[in-house]
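Structural overview
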Amino acid sequence: MSVPRFSDHAANERTFLAWVRTAIAVMAFGFLVERFDIFLKIAGKSLGKTFTMSGQVAGSLVGLALIIAGAAMVAASMLRFVKNRADIIDEQTHPAENDRLDLILAGLIVILGIGLAIYLGITMLQGSK
């Protein structure tokens, strides 16, 4: 017995899994950012330098924000997966979705990336003194 509209269901599941993989990567990166001070200490020892961590709180906040953004991505992808599944089963024509949540999450990641780049630049400049 075949599943009606199987290709649509499979595409929905692949999209859901892609969002989950992306969210896991964002959360892992957030953890890495939050623990960046450990990396700088180890790198400093091998380079014979001591890096000061005056922006440690900022790094921790950016890392935590990335972890929260990753968790929000998982929640949003779950909601979208369930809604799309119901729409596929319904077989009626539905209006296009609002992409506002996707754009908000993408904008948040861009802002966090810029903040991370600034933090990293400041940390490296202070460490080289």
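Okay, so let's go over this structure. (Residues numbered from 1 in each chain as written. Predicted model: local features only at pLDDT ≥ 70, side-chain atom pairs only at ≥ 80, totals over all residues. Heavy atoms only, no water.)

For the rest of this paragraph, the subject is the layout of surface pockets. Size it by volume and the largest pocket reaches roughly 170 Å³. Taken together, 14 residues line the largest pocket, and the ones lying closest to its centre are Ala76, Arg80, Glu97, Leu101 and Asp102. Among the secondary structure elements, those contributing two or more residues to the lining of the largest pocket are helix H3 (56–90) and helix H4 (100–127). The biggest single contributor to the lining of the largest pocket is H3, with 6 residues. In terms of residue class, the lining of the largest pocket is built from 6 nonpolar, 2 polar and 6 charged. (1 Å grid on protein atoms, 1.4 Å probe; cavity = no way out; pocket = protein on both sides within 12 Å on 5 of 7 lines; lining within 4 Å. Points joined across faces, edges and corners; volume = space filled by probe spheres on them. Helix = DSSP H or I, 4+ residues; strand = E, 2+ residues; numbered from the N terminus. Nonpolar A, V, L, I, M, F, W, Y, C, P; charged D, E, K, R; others polar.)

This part is about the pattern of salt bridges. Applying the stated criterion across every chain, the model contains 2 salt bridges. Here Asp8 ties to Arg5 by a salt bridge, and the two come within 3.1 Å at their closest N and O atoms. Assessed through its relative accessible area of 30%, Asp8 is described here as partly exposed. A salt bridge links Asp87 to Lys83; its shortest N-O distance comes to 2.7 Å. Here Lys83 and Asp87 lie together in helix H3, a separation of 4 residues that amounts to about one turn. On the accessibility criterion, Lys83 (38% relative accessible area) is partly exposed. (Salt bridge = Lys/Arg side-chain N within 4 Å of Asp/Glu carboxyl O. Buried < 20%, exposed > 50% of the residue type's maximum accessible area, 1.4 Å probe, protein only.)

The end-to-end C-alpha separation of helix H1 (residues 6–34) is 42 Å, in line with the 42 Å expected for 29 residues at 1.5 Å each. Among the residues of H1, His9, Ala10, Asn12, Phe16, Ala23, Val26, Gly30 and Val33 are the ones counted as buried. (Expected span 1.5 Å × (residues − 1).)

Below, the discussion takes up empty space enclosed by the protein. Overall, the coordinates contain 2 cavities of 30 Å³ or more when judged by the stated rule. By volume, the largest cavity is sized at about 50 Å³. Asn12, Thr15, Phe16, Trp19, Ser77, Arg80, Phe81 and Asn84 are the residues that line the largest cavity. Only H1 and H3 provide two or more residues apiece to the lining of the largest cavity. A breakdown of the residues in the lining of the largest cavity according to their chemical character gives 3 nonpolar, 4 polar and 1 charged.

Relative to the elements of secondary structure, Ser77 occurs in helix H3. If we ignore the near neighbours within four places in the chain, the residues touching Ser77 are Phe16, Trp19 and Val20. (Contact = heavy atoms within 4.5 Å.)

The backbone of Arg5 sits at a positive phi, close to 55°, despite the residue not being glycine. By secondary structure assignment, the location of Arg5 is in the segment before H1.

As a further point, take the packing of aromatic side chains. In total, this model carries 1 aromatic pair according to the counting rule given. Each ring, one from Phe16 and one from Phe81, has its centre 4.9 Å from the other, and the planes form 35°; the classification is tilted. One end of the pair, Phe16, is in helix H1; the other, Phe81, is in helix H3, with 65 residues separating them in the sequence. (Phe/Tyr/Trp six-rings, centres within 6.5 Å; stacked < 30°, edge-to-face > 60°.)

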